[in-house]
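# Coordinate inspection notes
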Amino acid sequence: MKLKSAKNYWEMEQLNHYTCGNIKNSALQSMSLSLKSLFSEKITTYAAETKQLVADNANLKLGEITLSQVFGGMKGMVGMITETSKLDPEEGIRFRGYSIPELKNLLPKAENGNEPLPEGIFFLMLTGILPTEEDVKFLSAEWEKRSVVPDHVFKVIDAMPAHAHPMTQLSAAVLALETESEFASKYEKGLNKKDYWDPMFEDSMNLIARLPRVASYIYRKCYFNNNQIEPLKGADWSSNFAHMMGFDNHEVSELMRLYLTIHADHEGGNVSAHATHLVGSALSDAYFSFSAGLNGLAGPLHGLANQEVIRWILDLQKELGGGAPSKEQIVQFVHKTLSEGKVIPGYGHAVLRKTDPRFTAQMEFAKKYMPDDDICSIIWNIYDVVPEILSTIKKIQNPWPNVDAHSGALLIHYGIKQYDFFTVLFGVSRSLGVLAQLTISRAMGLPIERPGSITSTWIKNKVASTQISEK
Ligand code: CMX
């Protein structure tokens, strides 16, 4: 386990937890009765330490800003704090210091299950501590208790036309849930700044708890004539979600657990996380903030890419008159797509420079459960040829597959063929990271975000004055 040298407060806590062995473990188990008090204890110390750190190092330089970064989507420009996860360009995502393969071993699993329970990754992201089995059981039960969705939310979904994209329906449903915000109602009555985090914690827990019910309602409304399935009692978050969608199958539950864990967070700068954080910085509650994040996730360069991958494969098959394309045919279709000025969905990344470990985790799942699946074989053939083609295009920084290149194939294998629903699943998972961080940000008292912006005239004047002073 990689805990020898703690690099920050959260890692230090983890180190203490493990080096103190059983005493700490049992202490944590009793604390698991209240995740909120555990979070409160950790965040109070952390917020005080961070405040001091900033005060002592206020002028520490973290980098320089270039013109190409300002025009280039602010890539590589450090501008925000995210505690829940950190993305390494070569190695991929680490949640509170742990990689996906490490978490597959370390996070608690369901009985008879091999995949981590997403309850565990939420616990880890929020507190910085690896949960015990008791901790995740506590969270499953807590989310079940909080999962009741008010009737008017279903009416909002029902009012949407059949052709409304499932992401439109999900974002609108999350906004409709805003009536339940404890933060909004407490703020209206008058809330001391130091107590902001408390209703934010409650809102985040309630929203996460309700999302599977809302998402599965959209699924059954869109594709099963609104024939709804009632939730299970005593199930974990993922298997209950699969059940409400209509899948009572061990493998689908396992896939859902894996899927909802690996999509949970990707540090702070990606569009869904950043949008949630930005809107939250105006003290908007969790519902407003997360709905904004979902709107960003619905873009084809971000979360919607998972549906685009399958649409691209279907277009390819249509062009060939059906059947499995050969590698040569894939190569031709890639060139055709590029020549039409389109992107190859599921490939490339703003930060990653290697194959996404979330792609690899899904490929491993497929090799175990569906080694002969037709769509998976196409995905693997695409993986064999696309990186080589994209590497020949100079402007493309990363020719390797991202998380979205594989996810659709796994879902289709189990009968979840409605590809415009795929991003909804991504959205349900993404709630875990962005809402954990929103609660942390609120507890730290992070201020409203207000970066500066400039005009091109301002830049021209700056260039002119720099040239004059250099002469
Ligand atoms: N196919 C074709 N061209 C691509 C490409 C791809 N897969 N990836 C990057 N490029 C192009 C960009 O469009 C850009 O072209 P222009 O300069 O003409 O606009 C150029 O290469 C440089 O891009 P980059 O610096 O390598 O990558 P960006 O940070 O600008 O963009 C991303 C990153 C993900 C938007 C881009 O790789 C892409 O569009 N990929 C396909 C869509 C996709 O899979 N998105 C999902 C990402 C994961 C997620 O968030 O869910």
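Description of the structure in this document. (Residues numbered from 1 in each chain as written. Predicted model: local features only at pLDDT ≥ 70, side-chain atom pairs only at ≥ 80, totals over all residues. Heavy atoms only, no water.)

## Quick word on the site of the ligand
We count it as follows: Whether a residue is near a molecule or strand is decided by its heavy atoms; if any one of them lies within 4 Å of it, the residue is near. Polar contact criterion, stated in full: a pair of N or O atoms within 3.5 Å, where within protein one must be able to donate a hydrogen and the other to accept it, and residues adjacent in sequence count only if both atoms are side-chain atoms. For accessible areas, the Shrake-Rupley method is used with a probe of radius 1.4 Å. Any residue's cover is judged against the shown protein chains and nothing else. For this scheme, ten residues count as nonpolar: Ala, Val, Leu, Ile, Met, Phe, Trp, Tyr, Cys and Pro. Four count as charged, namely Asp, Glu, Lys and Arg, and the remainder, Gly too, count as polar.
The ligand sits among 20 residues. The nearest are His302, Gly346, Tyr347, Lys395 and Asp404. A distance of 2.8 Å separates a nitrogen atom of the ligand from a polar atom in the backbone of Leu301. Backbone polar atom of Gln397 to an oxygen atom of the ligand: 2.8 Å apart, as the coordinates give it. The protein chains hide 75% of the 890 Å² of surface that the ligand would expose on its own. Among the residues forming the shell around the ligand, the class breakdown is 10 nonpolar, 7 polar and 3 charged.

## Quick look at helix H8 (residues 151-159)
To be explicit about the condition: Only protein chains enter the calculation, and the probe is 1.4 Å; a residue is then buried if its accessible area is under 20% of its type maximum, exposed if over 50%, and partly exposed in between. The numbering of helices and of strands both runs from the N terminus, where a helix is a DSSP run of H or I of at least 4 residues and a strand a run of E of at least 2. Here the arc refers to the directions that run from the helix axis out to each C-beta atom.
Buried within H8 are the following residues: Val153, Phe154 and Ile157. Angularly, the buried residues of H8 cover 100° about the axis, an arc narrow enough to put them on a single face. Away from the buried face of H8 by more than 90 degrees, exposed residues Asp151, Lys155 and Ala159 are located.

## Observations regarding the pattern of salt bridges
Operational definition: For this document, the term salt bridge refers to a Lys or Arg side-chain nitrogen within 4 Å of an Asp or Glu carboxyl oxygen.
In the structure shown here, the tally under the stated rule is 22 salt bridges. Notably, a salt bridge pairs Glu267 with Lys86, separated by 3.2 Å at the nearest N-O pair. Of this pair, Glu267 sits in the loop between helix H13 (250-262) and helix H14 (271-280) while Lys86 sits in strand S1 (residues 85-88), placing them 181 residues apart in sequence. The buried category is assigned to Glu267, whose relative accessible area is 18%. The exposure class assigned to Lys86 is exposed, which follows from its relative accessible area of 56%. A salt bridge links Glu90 to Lys354, with the shortest nitrogen-to-oxygen separation between them at 2.8 Å. A residue pair is termed long-range when its members are at least 10 positions apart, and Glu90 in the loop between S1 and strand S2 (92-95) and Lys354 in the loop between helix H17 (327-339) and helix H18 (357-369) qualify at 264 residues. Since its relative accessible area comes to 45%, Glu90 is described here as partly exposed. For Lys354, a relative accessible area of 39% gives the class partly exposed.

## Details of the sheet that holds S1
Basically, it comes down to this: Strands are treated as partners if at least two bridges between them are detected by DSSP.
Spatially, S1-S2-S3 is the arrangement adopted by the 3 strands of the open sheet, whose pairing is antiparallel. Edge strands, defined here as strands with exactly one partner in the open sheet, are S1 and strand S3 (98-99).

## Some thoughts on unusual backbone geometry
Within the chain, Met74 stands out as a residue other than glycine whose phi angle is a positive 60°. Relative to the helices and strands, Met74 is located in the loop between helix H4 (67-71) and S1. Residues other than glycine seldom take positive phi values, yet Asn112 does so here, at roughly 65°. Mapped onto the secondary structure, Asn112 falls in the loop between helix H5 (100-106) and helix H6 (118-127). Asn112 sits in the exposed class, given a relative accessible area of 71%.

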